[in-house]
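One-letter residues, chain by chain:
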Amino acid sequence: MTPAPIAATPDAEDARAAAGGDRAAFQRLYRRHVDRIHGAVLRLAGYDHARAEDLTQDAFVRAWQKLAEFRHESAFGTWLYRLAVNLALMDIRARHADPVGFMDDDSLPEHGDTPFCAAERDELERAIATLPPRARAVLVLHDIEGWKHEDISRDLDMAVGTSKAQLHRARALLRKLLGETV
């Protein structure tokens, strides 16, 4: 049984038009989704702004190339987000041996609304950026993006138990970096 298509939304209409070559429709999709996509890949890239910009651009280029394959079984934003996260995860796998250094203050993201003070946010973002790439990816996907361990394990090609262990490791490293007792 084929799932029913998603009801007509501005995204769905623009996705269909863009798949037919309408660049203005794709530009509207870009404007609607670029902030969310950039935010997700920025966190996965350890707040490396240059990598995040490249990954964001790559995600939209790939989306343009694959629009004909979008089946409208889910929301366009969900499809695009998944495509972008997969690109970022492939980038993490390709760089798995690269050391992750501390970020300087100028490299941290702009401030948004947070439930805690800006200094705490900066300290947390700096600490997350220093985590090993796979531990950081699991932490970001699980604790920030809300993914389940089963999805993380599939996309990072690891066992569910390994995903849970990486999350535990990332949280312990964060506690240590932030000066909390473990």
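Everything discussed here concerns the structure shown above.
Just so we're clear, the structure is a prediction, and the values are computed from it rather than from any experiment.

1. Observations concerning the side chain of arginine 51
Phase 1: Counting through the fold element by element, arginine 51 comes out in helix H3 (residues 49–66).
Phase 2: For arginine 51, a relative accessible area of 16% gives the class buried.

2. Regarding the environment of leucine 131
Phase 1: Within the secondary structure, leucine 131 sits in the loop between helix H5 (118–130) and helix H6 (133–144).
Phase 2: Residues leucine 131 and leucine 173, spaced 42 residues apart in sequence, show a C-alpha to C-alpha distance of 7.3 Å.

3. Structural notes on the packing of helix H4 (residues 76–94) against helix H7 (residues 149–156)
Phase 1: Interaxial distance between H4 and H7 falls to 10 Å at its minimum, and their mutual angle equals 55 degrees. Here H7 runs oblique to H4, going by the angle between their axes. Between H4, through Arg82, Asn86, Leu89 and Arg93, and H7, the contact on the second element is made entirely by Arg154, Asp155 and Leu156.
Phase 2: The residue makeup of the contact of H4 with H7, split by class, is two nonpolar, one polar and four charged.

4. What to know about helix H2 (residues 23–44)
Phase 1: The largest bend along H2 measures about 50 degrees and falls at histidine 33.
Phase 2: Inspection of H2 places Ala25, Phe26, Leu29, His33, Val34, Ile37, His38, Gly39, Ala40, Val41, Leu42 and Leu44 among the buried residues, and these make up the whole buried set.
Phase 3: Those residues of H2 that are buried lie in contact with helix H1 (10–19), H3, H4 and H6.
Phase 4: Its side-chain oxygen placed 3.0 Å from the backbone nitrogen of alanine 24, aspartate 22 serves as the N-cap of H2.
Phase 5: Glycine 46 sits one or two positions beyond H2 and adopts a positive phi of about 70 degrees.

5. Remarks on the environment of leucine 89
Phase 1: Along the chain, leucine 89 turns up in helix H4.
Phase 2: Along the sequence, leucine 89 and proline 133 sit 44 residues apart, while their C-alpha atoms lie 9.5 Å from each other.
Phase 3: Excluding residues that lie within four positions of it along the chain, leucine 89 makes contacts with Ala137, Leu141, Asp155 and Leu156.

6. Quick word on the nonpolar core
Phase 1: Membership of the largest hydrophobic core comes to 48 residues, with the highest contact counts inside it found for Leu44, Phe76 and Trp79.
Phase 2: Elements supplying a minimum of two residues to this core: H1, H2, H3, H4, H5, H6, H7 and helix H8 (160–177).
Phase 3: Ranked by the residues each element gives to this core, the list is headed by H4, at eleven residues.

7. Side note on unusual backbone geometry
The general pattern is negative phi for most residues beyond glycine and trans for most peptide bonds.
Phase 1: Even without a glycine there, the phi angle at histidine 72 is positive, about 60 degrees.
Phase 2: Tracing the backbone shows histidine 72 in the loop between H3 and H4.
Phase 3: A positive phi is found at aspartate 157, a non-glycine position, where the angle reads about 55 degrees.
Phase 4: Within the secondary structure, aspartate 157 is located in the loop between H7 and H8.

8. Considerations on the pattern of salt bridges
Phase 1: For the structure shown, the criterion picks out eleven salt bridges.
Phase 2: Residues arginine 28 and aspartate 14 are paired through a salt bridge, measuring 2.8 Å at the closest nitrogen-oxygen approach. Of this pair, arginine 28 sits in helix H2 while aspartate 14 sits in helix H1, placing them 14 residues apart in sequence.
Phase 3: One network of salt bridges, with partners in common, ties together Asp11, Asp14, Arg28 and Arg32.

Cut-off values and rules
Residues numbered from 1 in each chain as written. Predicted model: local features only at pLDDT ≥ 70, side-chain atom pairs only at ≥ 80, totals over all residues. Heavy atoms only, no water. Helix = DSSP H or I, 4+ residues; strand = E, 2+ residues; numbered from the N terminus. Buried < 20%, exposed > 50% of the residue type's maximum accessible area, 1.4 Å probe, protein only. Axes fitted to C-alpha atoms, helices over the stretch in contact; angles between N-to-C directions. Parallel < 35°, antiparallel > 145°, perpendicular 65-115°, else oblique. Contact = heavy atoms within 4.5 Å. Nonpolar A, V, L, I, M, F, W, Y, C, P; charged D, E, K, R; others polar. Bend = angle between axes of the 7 residues up to and from the residue. Polar contact = N/O pair within 3.5 Å; in protein donor to acceptor, adjacent residues only side chain to side chain. Core = buried A, V, L, I, M, F, W, Y, C linked by side-chain atoms within 4.5 Å. Salt bridge = Lys/Arg side-chain N within 4 Å of Asp/Glu carboxyl O.

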